[in-house]
Amino acid sequence: MKVNIFILLVLYVVYFGILITLGYLTYKMPGFKIGKSKEDSDENETIKIASINYMYTGMLLAILGILVNTYLLVQGTPLESHMMEWLNIVIRLMHITFGIAWIGASFYFVFLENALNRTENVRDELAGNLWAVHGGGFYYVEKYKIAPKEIPKHLHWFKYEAYFTWLSGFCLLFVVYYFNASALLIDNNVLDISATQGIVIGIGSFVVAWLIYDFLCKSKLIKNQLLFSIIGFLILIAFAAFYCHVFSSRAAYIHFGAMIGGIMVANVFFVIIPAQKAMVHAAKMGLPLDPTLGKNALTRSLHNNYFTLPVLFVMVSNHFPSTFGYEYPWLILAIISLGAAGVKHYLNLKEKKQLNVWILPVSVVILLAACFISAPSTNPYECKSEVSFTEVNAIVQKRCVQCHSATPTDDVYKVAPNGVMYDTPEDIVKKKDLIMQRVVITKTMPQNNKTNITAEERNTIRCWIEQGASLK
């Protein structure tokens, strides 16, 4: 679809105008200079902080708008694939950066909760305190049972790390999978659906997952941690199996991670931050505080803490087809999620000084199980005769060079993915190990088997590589 150039230019002016204006206002906003007035009321202070946060949000959205605008400008031209790659890089960098900030804060505050001194010289109004040293300085942290008698004006809220992680991740989902849905999201060998149907199913599943999880958290089941964990884990794996029966295995993995990430940010937006705002408001107004607010927020925060390692695994797994390329990819997700959560549980208990000797070894065994069960057969087929390079090259030319060439003919990839090309015999031999991993062992190439390579052809390539990958 060709977009009007004039409209795009107008949008450029608007986006850059927003970016420059908001950037200027964040420095010039009254009350955010050194030595601000002490006469400002708490209400004005709150408005100023909220305004600054909205400005940063607007700046981020303007940057995303500029990136999308640029993509629309080059769409349908030879620069489209190049722009898509840079969109991928920029948004991925934003996602990783915000994710580090969010997960780091999650790890730190759960550690803080677990490591608090709750007995020695603790004032009645406190739940505990902690001394720490970092970066050449000493820090002293106190946690109140409910709230201090007077709420400080400068109160830092840990929420935008979560919001921006989700926003950048959602944009990345579109850039990588939804913009190229027919190539990367949909695998007709798994389920024959349209790209639009796949996108609707993916986004809709995130909403359904949150509703189920939130219902469980508000039910009586939340009082039984073990039963809640077991049922929650089974539901997560049901979603993993569902994704693997709808999308390509690689897309299924990323949707599983996005689903968990969506639950995490919804916990922040719908439960944790509203509870904190209600507690702050009650403390400022001198109203009775509801202790269940803090308890519920802490529970959801703890859930997020256990979700982090499975999400991180999904983020890196897309680069390693031994995971999503397994015959039953949902099973690898189940094993890794369980093992990673077990490791996190061990660390949390260790911080509380409640050591359990069997949790870590069992978790490691569970994680190793994923490696062993996904290992390829040492001799799946017998090589009955010597395979020539001519046979292999014919397969490569028929099934691979549509994408992996200096001049691709594929309808999606206009540049060779990851710079991998098979235009010459030397190119093929040089990449024999990569071909073995992607084409033969994990069977994740061609992407979604778009060119319909057969099992016999994969075995022919395997025999040629095992026989020395000769050019004869």
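Note that the structure is predicted; figures quoted are calculated from it, not measured. (Residues numbered from 1 in each chain as written. Predicted model: local features only at pLDDT ≥ 70, side-chain atom pairs only at ≥ 80, totals over all residues. Heavy atoms only, no water.)

1. Some points on the overall build of the protein
On a plain count of helices and strands, the protein comes out with 16 helices and 2 strands. Counting across all 472 residues of the protein, residues that qualify as buried make up 44%. Put simply, 68% of the contacts in the protein that link residues at least 6 apart link residues at least 24 apart. Summed over all atoms, the accessible surface of the protein reaches about 26600 Å², with 66% contributed by carbon and sulfur. Of note, the protein has its 39 positive side-chain charges centred 5 Å away from the centre of its 32 negative side-chain charges. (Helix = DSSP H or I, 4+ residues; strand = E, 2+ residues; numbered from the N terminus. Buried < 20%, exposed > 50% of the residue type's maximum accessible area, 1.4 Å probe, protein only. Contact = heavy atoms within 4.5 Å. Areas by Shrake-Rupley, 256 points an atom, 1.4 Å probe, with all protein chains shown as cover. Lys, Arg positive; Asp, Glu negative; His and termini not counted. Charge placed at Lys NZ, Arg CZ, Asp CG, Glu CD.)

2. As for the pairing of strand 1 (residues 126-134)
Relative to strand 2 (residues 137-144), strand 1 is paired through 8 bridges, and the arrangement is antiparallel. If you follow G128 over to strand 2, its bridge partner there is K143. Between the antiparallel neighbours strand 1 and strand 2 lie 2 residues, among them G135 with a positive phi of about 60 degrees. (Pairing = 2+ DSSP bridges.)

3. Topic: the packing of helix 6 (residues 195-218) against helix 8 (residues 249-285)
Orientation of helix 6 relative to helix 8, taken along the N-to-C sense of each, is 50 degrees, at an axis distance of 9 Å. It follows from the interaxial angle that helix 6 and helix 8 lie oblique. In the packing of helix 6 onto helix 8, the handedness of the crossing is right-handed. Residue-level inspection shows G202, F206, A209, W210 and Y213 of helix 6 in contact with helix 8, the latter providing H255, A258, M259, I263, A266, N267, F270 and V271. Tallied by class, the residues present in the contact of helix 6 with helix 8 amount to 10 nonpolar, 3 polar and no charged. (Axes fitted to C-alpha atoms, helices over the stretch in contact; angles between N-to-C directions. Parallel < 35°, antiparallel > 145°, perpendicular 65-115°, else oblique. Left-handed = near helix turned anticlockwise from the far one by under 90°. Nonpolar A, V, L, I, M, F, W, Y, C, P; charged D, E, K, R; others polar.)

4. Some words on the side chain of R438
Mapped onto the elements, R438 comes out in helix 15 (residues 432-441). Of the side chains bearing the opposite charge, D187 lies closest to the buried R438, which forms no salt bridge; the N-O distance is 11 Å. Reaching out from R438, the side chain makes a polar contact with the side chain of T444 at a distance of 2.8 Å. (Salt bridge = Lys/Arg side-chain N within 4 Å of Asp/Glu carboxyl O. Polar contact = N/O pair within 3.5 Å; in protein donor to acceptor, adjacent residues only side chain to side chain.)

5. Considering the state of the cysteines
Under the definition given, this model contains 1 disulfide. With a sulfur-sulfur separation of 2.1 Å, C383 is cross-linked through a disulfide to C463. Torsion about the S-S bond of the C383 and C463 cystine: about -95 degrees, corresponding to left-handed handedness. One end of the pair, C383, is in the loop between helix 12 (359-373) and helix 13 (389-399); the other, C463, is in helix 16 (residues 455-466), and 80 residues separate them in sequence. In this structure C383 comes out as partly exposed when scored by relative accessible area, which is 28%. As a non-bridged cysteine, C400 has C403 as the owner of its nearest cysteine sulfur, 9.0 Å distant. The class for C400 is buried, based on a relative accessible area of 13%. (Disulfide = S-S within 2.5 Å.)

6. Things to note about the nonpolar core
Counting 75 residues, the largest nonpolar core has L87, Y177, L185, Y243, F256, M259 and I260 as its most contacted members. Aside from chain neighbours lying at most four places away, what touches Y243 is S205, F206, A252, H255, F256 and M259. Counting 21 residues, the second-largest nonpolar core is a separate cluster that includes V396, V439, M445 and I465. (Core = buried A, V, L, I, M, F, W, Y, C linked by side-chain atoms within 4.5 Å.)

7. Re the packing of aromatic side chains
Per the counting criterion, the structure on display carries 24 aromatic pairs. Between F174 and Y178, the aromatic rings sit 4.8 Å apart at their centres with planes inclined by 85 degrees, giving edge-to-face as the arrangement. With a gap of 4 residues between them, F174 and Y178 both fall in helix 4 (residues 160-178), about one helical turn apart. A centroid spacing of 5.7 Å and a plane angle of 25 degrees characterise the contact between W210 and F270, whose relative ring orientation is stacked. A residue pair is termed long-range when its members are at least 10 positions apart, and W210 in helix 6 and F270 in helix 8 qualify at 60 residues. Given a relative accessible area of 12%, W210 falls into the buried group. Grouped by ring-pair contacts, the aromatic residues F98, Y160, Y163, F164, W210, Y213, F269, F270 and F307 constitute a single cluster. Looking at K159, its charged tip hangs above the ring of W157, at a distance of 5.7 Å from the centre. Looking at K344, its charged tip hangs above the ring of F107, at a distance of 4.6 Å from the centre. (Phe/Tyr/Trp six-rings, centres within 6.5 Å; stacked < 30°, edge-to-face > 60°. Lys NZ or Arg CZ within 6 Å of the ring centre and 35° of its normal.)

8. Some thoughts on the pattern of salt bridges
A complete count under the given rule lists 9 salt bridges for this structure. The partner of R123 in a salt bridge is E125, with the nearest N and O atoms 3.2 Å apart. Of the residues examined, R123 reaches a relative accessible area of 37% and is grouped as partly exposed. Two residues, D214 and R300, come together in a salt bridge whose shortest N-O distance is 2.9 Å. Placement of D214 in helix 6 and of R300 in helix 9 (residues 291-317) is noted, with a sequence separation of 86 residues between them. What you see here is one network of salt bridges that share partners, running through E113, R118 and K143.

9. A word on the side chain of D187
Structurally, D187 can be placed in the loop between helix 5 (181-185) and helix 6. Buried charge without a partner: D187 forms no salt bridge, and the closest opposite charge is R458, 8.7 Å away. What D187 contacts, discounting residues up to four positions off in sequence, is S248 and N448.

10. Focus on the confidence of the model for the protein
Averaged over the protein, the pLDDT score is 86; the fraction of residues at 70 or greater is 93%. A low-confidence stretch, residues 31-40 (pLDDT under 50), is modelled with 11 contacts involving residues beyond four sequence positions or located in other chains. (pLDDT = per-residue confidence, 0-100.)

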